[in-house]
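The residues making up each chain are set out below.
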Amino acid sequence: MSEMDDLAAFAVLIEAGSFTLAAQQLGCSKGQLSKRISQLEAQFSVVLLQRTTRRLSLTAAGAALLPQAQALVVQVERARQALARLKDDMAGPVRMTVPVSLGETFFDGLLLEFSGQYPEVQIELELDNSYRDLARDGFDLAIRAEVANDDRLVARPLLAWHEMTCASPAYLERFGEPATPHALAEHRCLLNSHYSGREEWLYHQQHELLRVRVSGPFASNHYSLLKKAALSGAGIARLPSYLLQTELADGRLRWLLRDYQTRRMPMYLVHPYQGGLPKRTQVLADYLMGWFKRSGEALDRLQR
């Protein structure tokens, strides 16, 4: 036993008033308890107790040590309660709403990894591109491309992405690679029907804005479907950079027109404003911030 354990045993003994009751509370024998008190006295080279068959009385040294021993017992109990509260706060659901393409791309592997570290946290994930009122709809976290001017919300920058023009090697072998954005007018382009101006693609180079009219055989409002079409060789697509890390790394898609920039768009991790987030929500928020930082760094290395 440690010296701290012996101090705690001393405080329990004085509170109980007898070796028999104190030993029961500590879950040890009277002999073991007596030995611990003797060890404590030897450690400090003092006599702490006057023992008689009927009662225990403190010596001057024992009276001086008792408040410190009692404070130690209080601190241990507070620590136990704090850990119990932390365990309770870590167990339970965290409701989260995320854009569809982002959720489909990242969150299967990410949440499996998180759940391995925090198995007691239950994540309820909704994939939805529409704006959800977090307080009204009962969400703890959200990932959003835009942040409304709402004093009820806290927004933390999560990542910045841009659309990358890409195509499969099979498509490029068949139709060739466009050298400039204007050459896209002669190619089969995959259009995003979510945008009203889907047939006009914008590029920037040296502060010059280029507007290119494009057309093609397929349009969808779903980034994942556009990526599948590009992977199949159906045409050239403009897809969010966060969708392409794996496909660029293994060569199934190639990044075209690298010298021409597209608009960078931020995404934010959002939660309702409150004095302190539940621990389970806080650890998930911190985990997401770190995970997306590492993912962004990996994508940056691919783009160099």
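Residues numbered from 1 in each chain as written. Predicted model: local features only at pLDDT ≥ 70, side-chain atom pairs only at ≥ 80, totals over all residues. Heavy atoms only, no water.

Let's talk about helix α3 (residues 30-44)
Now for step 1: A rise of 1.5 Å per residue sets the reference length of α3, with its 15 residues, at 21 Å; its end C-alpha atoms lie 22 Å apart and thus fit the reference within 8%.
Now for step 2: All of the buried residues along α3 are L33, R36, I37, L40 and E41. The arc enclosing the buried residues of α3, seen along the axis, measures out at 140°, which places them on a common side. For α3, the exposed residues lying more than 90 degrees away from the buried face are G31, K35 and A42.
Now for step 3: Taken from the residues just after α3, S45 is the one with a positive phi, measuring 60°. (Helix = DSSP H or I, 4+ residues; strand = E, 2+ residues; numbered from the N terminus. Expected span 1.5 Å × (residues − 1). Buried < 20%, exposed > 50% of the residue type's maximum accessible area, 1.4 Å probe, protein only. Arc of directions from axis to C-beta.)

Description of the pattern of salt bridges
Now for step 1: What the rule picks out here adds up to 13 salt bridges.
Now for step 2: A salt bridge links E199 to R213, with the shortest nitrogen-to-oxygen separation between them at 3.4 Å. Highlighted residues: E199 in the loop between β7 (188-192) and β8 (200-205) and R213 in strand β9 (residues 208-213), separated in sequence by 14 residues.
Now for step 3: Overall, E199 belongs to the partly exposed group, its relative accessible area being 35%.
Now for step 4: Owing to a relative accessible area of 55%, R213 belongs among the exposed residues under this scheme.
Now for step 5: Through salt bridges with shared partners, one network takes in E126, D128, R132, R136 and D137. (Salt bridge = Lys/Arg side-chain N within 4 Å of Asp/Glu carboxyl O.)

Description of the nonpolar core
Now for step 1: Counting 41 residues, the largest nonpolar core has M96, L102, F107, I143, Y242, L288 and F292 as the members making the most contacts within it.
Now for step 2: At the level of secondary structure, the elements contributing two or more residues to this core comprise β3 (92-98), α5 (100-117), β5 (141-144), β6 (153-167), α8 (223-231), β11 (236-240), β13 (264-272) and α10 (279-303).
Now for step 3: In terms of residues, this core owes the most to one element, α10, which gives seven residues.
Now for step 4: Counting 21 residues, the second-largest nonpolar core is a separate cluster that includes F10, A22, A23 and L49. (Core = buried A, V, L, I, M, F, W, Y, C linked by side-chain atoms within 4.5 Å.)

Topic: the environment of T262
Now for step 1: Among the structural elements, T262 can be located in the loop between β12 (254-255) and β13.
Now for step 2: Taking the relative accessible area as the measure of exposure, T262 reaches 11% and is therefore buried.
Now for step 3: Residues T262 and E146, 116 residues apart in the sequence, show an inter-C-alpha distance of 18 Å.
Now for step 4: Leave out the neighbours within four places in its chain, and T262 touches H162, E163, L202, Y203 and R238. (Contact = heavy atoms within 4.5 Å.)

Focus: the side chain of E41
Now for step 1: One can find E41 in helix α3.
Now for step 2: What makes E41 buried here is its relative accessible area of 11%.
Now for step 3: Excluding residues within four positions of it along the chain, E41 makes contact with V46, V47, L48, L49 and R51.

What to know about the packing of aromatic side chains
Given two aromatic rings, their pairing is described by the distance between the two centres and the angle made by the two planes.
Now for step 1: Using the criterion set out here, one finds six aromatic pairs in the structure.
Now for step 2: Relative to Y242, the ring of W161 has its centre 5.5 Å away and its plane inclined at 80°; by these criteria the two rings are edge-to-face. With W161 in strand β6 and Y242 in the loop between β11 and α9 (245-250), this residue pair connects regions lying 81 residues apart in the sequence.
Now for step 3: A relative accessible area of 6% places W161 in the buried class.
Now for step 4: On the accessibility criterion, Y242 (6% relative accessible area) is buried.
Now for step 5: Put simply, the rings of F114, Y118 and Y287 pair up and form one aromatic cluster.
Now for step 6: Positioned above the aromatic ring of F139, the side-chain terminus of R95 is 4.2 Å from the ring centre.
Now for step 7: Here the guanidinium or amino end of R238 rests over the ring plane of Y203, the centre of that ring lying 4.8 Å away. (Phe/Tyr/Trp six-rings, centres within 6.5 Å; stacked < 30°, edge-to-face > 60°. Lys NZ or Arg CZ within 6 Å of the ring centre and 35° of its normal.)

Examining unusual backbone geometry
Now for step 1: Even without glycine at this site, S45 takes up a positive phi of about 60°.
Now for step 2: Among the secondary structure elements, S45 is positioned in the loop between α3 and β1 (49-51).
Now for step 3: Its identity is not glycine, yet Q206 carries a phi of approximately 50°, on the positive side.
Now for step 4: Summarising the element assignment, Q206 is placed in the loop between β8 and β9.
Now for step 5: The exposure class of Q206 is exposed, given its relative accessible area of 74%.

Examining the confidence of the model for the chain
Now for step 1: Averaged over the chain, the pLDDT score is 85; the fraction of residues at 70 or greater is 93%.
Now for step 2: Here helix α4 (residues 60-90) stands out as the element of the chain with the lowest mean pLDDT, 73, in contrast to helix α7 (residues 169-175), whose mean of 97 is the highest. (pLDDT = per-residue confidence, 0-100.)

Thoughts on α5
Now for step 1: Between its first and last C-alpha atoms α5 spans 25 Å; for 18 residues at 1.5 Å apiece the expected length is 26 Å, and the two agree.
Now for step 2: When the local axis directions of α5 are compared, the greatest deviation, roughly 55°, occurs at F107.
Now for step 3: Restricting attention to buried positions, one finds in α5 the residues V100, S101, L102, G103, F106, F107, L110, L111 and F114. (Bend = angle between axes of the 7 residues up to and from the residue.)

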